[in-house]
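Descriptive structure summary
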Amino acid sequence: MVRACVILKAGKLLLGAVSIGLCLSTQSLAQIHASMSVFNHAIALPGPAILSSAHLGADMGLTFYYKERSKHERFLHTQLGVYYQRLIHTGVQLYGEYHYRYRLARQLGIDGAVGLGGLSTVMATELFHLNEWGQYEATGRARMHVQASAAIGLTYGQRTQRFQPFVQYRFRVFTPFAKAYVPFVPCTSLHIGAFYRLNQ
């Protein structure tokens, strides 16, 4: 029940962000792209830990502003993602990123992105705290956090094509977690997916 409420709220936020983005965009509908990816997630600093175990997730997004000049492309992207960190929590992400792409070749671009947004986690077990009478009380499983992200990746194809496959490596930090002793939590994720042009 808690997970369903969290996902519903995140979906409403995404629709609101997308609507604002479409209103602000000066581009035609032909230049708006969607994205979808599957990814593996790890609570770890960047490194080989991302490949040590499977904690799977998926996300989708929408590009609502696009600018291109020669070999340089810039766009803003709103993303909604869900992942399962086994034995710890389920996370629902809603965040925006500023993307920059440099064309290494006609069909290949290297991407960089920075972003900011929110994360809702639903813990795998009930959480308790000690009240003023010395008794433990349940505090609920859901928690809200602020997250910052940075990503690098490679994209194949041009934006005029229907599909542009990509691979991305993303680093995130979210806060708060346990205020007294773990204020920040680092995470990494490896994504495989594609951008999709919404119409001809």
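The preceding data block contains the structure.
Summarised in this report is the structure supplied together with it. (Residues numbered from 1 in each chain as written. Predicted model: local features only at pLDDT ≥ 70, side-chain atom pairs only at ≥ 80, totals over all residues. Heavy atoms only, no water.)

Scanning all chains against the criterion turns up 3 aromatic pairs. Relative to phenylalanine 195, the ring of phenylalanine 166 has its centre 4.9 Å away and its plane inclined at 45 degrees; by these criteria the two rings are tilted. Of this pair, phenylalanine 166 sits in strand β9 (residues 163-175) while phenylalanine 195 is found in strand β10 (residues 185-197), placing the two residues 29 residues apart along the sequence. Through a chain of ring-to-ring contacts, the aromatic side chains of Phe75, Phe166 and Phe195 assemble into a single cluster. (Phe/Tyr/Trp six-rings, centres within 6.5 Å; stacked < 30°, edge-to-face > 60°. Helix = DSSP H or I, 4+ residues; strand = E, 2+ residues; numbered from the N terminus.)

This part covers the pattern of salt bridges. Counted under the stated rule, the structure contains 4 salt bridges. Between glutamate 97 and arginine 170 there is a salt bridge, with the nearest N and O atoms lying 2.9 Å from each other. Residue glutamate 97 is located in strand β4 (residues 89-105), and its partner arginine 170 is located in strand β9; the two are separated by 73 residues in the primary sequence. The class of glutamate 97 is buried, set by a relative accessible area of 2%. You can call arginine 170 buried: its relative accessible area is 1%. Salt bridges here are not isolated pairs; linked through shared partners, they connect Glu73, Arg101, Arg103 and Asp111. (Salt bridge = Lys/Arg side-chain N within 4 Å of Asp/Glu carboxyl O. Buried < 20%, exposed > 50% of the residue type's maximum accessible area, 1.4 Å probe, protein only.)

This brings us to the nonpolar core. Grouped together as the largest cluster of nonpolar side chains are 6 residues: Phe39, Tyr83, Leu119, Phe174, Val185 and Cys187. Filtering out sequence-adjacent residues up to four positions away, leucine 119 remains in contact with Tyr83, Gly91, Val92, Gln93, Arg143, Met144, His145, Gln147, Arg172 and Phe174. (Core = buried A, V, L, I, M, F, W, Y, C linked by side-chain atoms within 4.5 Å. Contact = heavy atoms within 4.5 Å.)

With that settled, the discussion passes to the pairing of β4. Here strand β3 (residues 72-85) pairs with β4 via 14 bridges, running antiparallel. What sits directly across from leucine 80, in β4, is leucine 94. The turn linking β3 back onto β4 is made up of 3 residues, and leucine 87 within it adopts a positive phi angle of 70 degrees. Of the strand pairs in this sheet, β4 and strand β5 (residues 108-123) are connected by 16 bridges, and their pairing is antiparallel. (Pairing = 2+ DSSP bridges.)

Okay, the side chain of serine 35 next. Relative to the assigned elements, serine 35 resides in strand β1 (residues 33-42). In this structure serine 35 comes out as buried when scored by relative accessible area, which is 6%. There is a polar contact of 2.8 Å between the side chain of serine 35 and the side chain of histidine 77. Here serine 35 is in contact with Asp59, Met60, Gly61, His77, Gln79, Phe166, Ala194 and Phe195, once residues within four sequence places are set aside. (Polar contact = N/O pair within 3.5 Å; in protein donor to acceptor, adjacent residues only side chain to side chain.)

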